[in-house]
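The primary structure of each chain is shown beneath.
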Amino acid sequence: MNIQTIASLDALTDFLQDGDALVNFTSEAIASLTPAVSISQDGTARLINGPAYPVISELDANTIIPLLADVGRLVVVADGIDKSAEFVAQLSRQQVPHVVCVLEQICAADAFMDDEDSETVAERLRQLGYI
């Protein structure tokens, strides 16, 4: 299995090639010019030209095998490998050309503690005699 880590959905655009189709295991729709796998309510798969809407995590690879005549490679996009693990394992067993793109979890350091929190922690450390 080929796993790529991408920093953002914008980076996905640079990664995609002609003949790719997106399978979206993230929680939000992905806007792309690349065809996307869409699953209808009755479980039928089709390729659409438009946003790649999130698919259910219990997606069966056999559902999309008929679409492979029009696709060179499936690009599975997930915000965590565990969401798509069973589907990717099915693709591997059936030797379907695919790559998994995992969105990098970006952590903003300033989101953890603001200035007020820092002052509170510093004051408590002073009280305990550490500062």
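Predicted model only: the values in this text are computed from it and were never measured.

K.L.:
Sorry, what's going on with the side chain of Thr26 here?
P.N.:
Assignment of secondary structure puts Thr26 in the loop between strand S2 (20-24) and strand S3 (36-39). Among the polar contacts made by the side chain of Thr26, one reaches the main-chain carbonyl oxygen of Glu28 at a distance of 2.9 Å. In this view, Thr26 contacts Pro54, Val77, Ala78, Asp79, Lys83 and Leu103; residues no more than four positions away in its chain are not counted.

K.L.:
What exactly am I supposed to notice about the nonpolar core here?
P.N.:
Nonpolar side chains in soluble globular proteins tend to end up buried together. Among the nonpolar cores identified, the biggest contains 20 residues, and Val23, Phe25, Ile64, Leu74, Val76, Phe87 and Leu91 are the most heavily contacted of them. At the level of elements, S2, helix H2 (61-64), strand S5 (73-78), helix H3 (81-93) and strand S6 (98-103) are the ones that each hand at least two residues to this core. By size, the runner-up hydrophobic cluster in this structure holds 13 residues, among which are Leu12, Ile30, Ala36 and Leu103.

K.L.:
Which parts of the structure should I look at to understand the pairing of S3?
P.N.:
For a regular strand, side chains alternate in direction, first toward one face of the sheet and then toward the other. As judged from the four bridges shared by S3 and strand S4 (residues 45-48), these two strands associate in the antiparallel manner. In the sheet register, Ser38 faces S4, and the bridge partner there is Arg46. Here S3 folds back onto S4 in antiparallel fashion, the turn holding five residues, of which Gly43 has a positive phi close to 90°.

K.L.:
Got a minute to help me understand helix H4 (residues 115-127) in this structure?
P.N.:
Spacing of three or four residues puts side chains on the same side of an α-helix, whose turn is 3.6 residues. In a regular helix each residue adds 1.5 Å, so 13 residues correspond to 18 Å; H4 covers 18 Å between its end C-alpha atoms and thus fits that length. Downstream of H4 by one or two residues, Gly129 has phi in the positive range, about 85°.

K.L.:
When you look at the side chain of Arg73 in this model, what are you seeing that I'm missing?
P.N.:
By secondary structure assignment, the location of Arg73 is in strand S5. Residues in contact with Arg73, not counting those within four places in the same chain, are Phe15, Gln17, Gly19, Asp20, Ala21, Pro97, His98 and Val99.

K.L.:
Sorry, what's going on with the confidence of the model for the protein chain here?
P.N.:
Close inspection of predicted coordinates is inappropriate in any region flagged by low pLDDT. Put simply, the protein chain has an average pLDDT of 84, and 92% of its residues get 70 or more. Put simply, strand S1 (residues 3-6) is where the protein chain has its lowest mean pLDDT, 72, and S2 is where it has its highest, 92.

K.L.:
I'm lost on the pattern of salt bridges in this one. Help?
P.N.:
Side chains that differ in charge, positive against negative, can pair when their charged atoms come close. On inspection of all chains with the given rule, the structure shows three salt bridges. Across the salt bridge formed by Arg93 and Glu86, the nearest N and O atoms sit 3.4 Å from each other. Of the residues examined, Arg93 reaches a relative accessible area of 58% and is grouped as exposed. Glu86 sits in the partly exposed class, given a relative accessible area of 48%.

What counts and what doesn't
- Residues numbered from 1 in each chain as written.
- Predicted model: local features only at pLDDT ≥ 70, side-chain atom pairs only at ≥ 80, totals over all residues.
- Heavy atoms only, no water.
- Helix = DSSP H or I, 4+ residues; strand = E, 2+ residues; numbered from the N terminus.
- Polar contact = N/O pair within 3.5 Å; in protein donor to acceptor, adjacent residues only side chain to side chain.
- Contact = heavy atoms within 4.5 Å.
- Core = buried A, V, L, I, M, F, W, Y, C linked by side-chain atoms within 4.5 Å.
- Buried < 20%, exposed > 50% of the residue type's maximum accessible area, 1.4 Å probe, protein only.
- Pairing = 2+ DSSP bridges.
- Expected span 1.5 Å × (residues − 1).
- pLDDT = per-residue confidence, 0-100.
- Salt bridge = Lys/Arg side-chain N within 4 Å of Asp/Glu carboxyl O.

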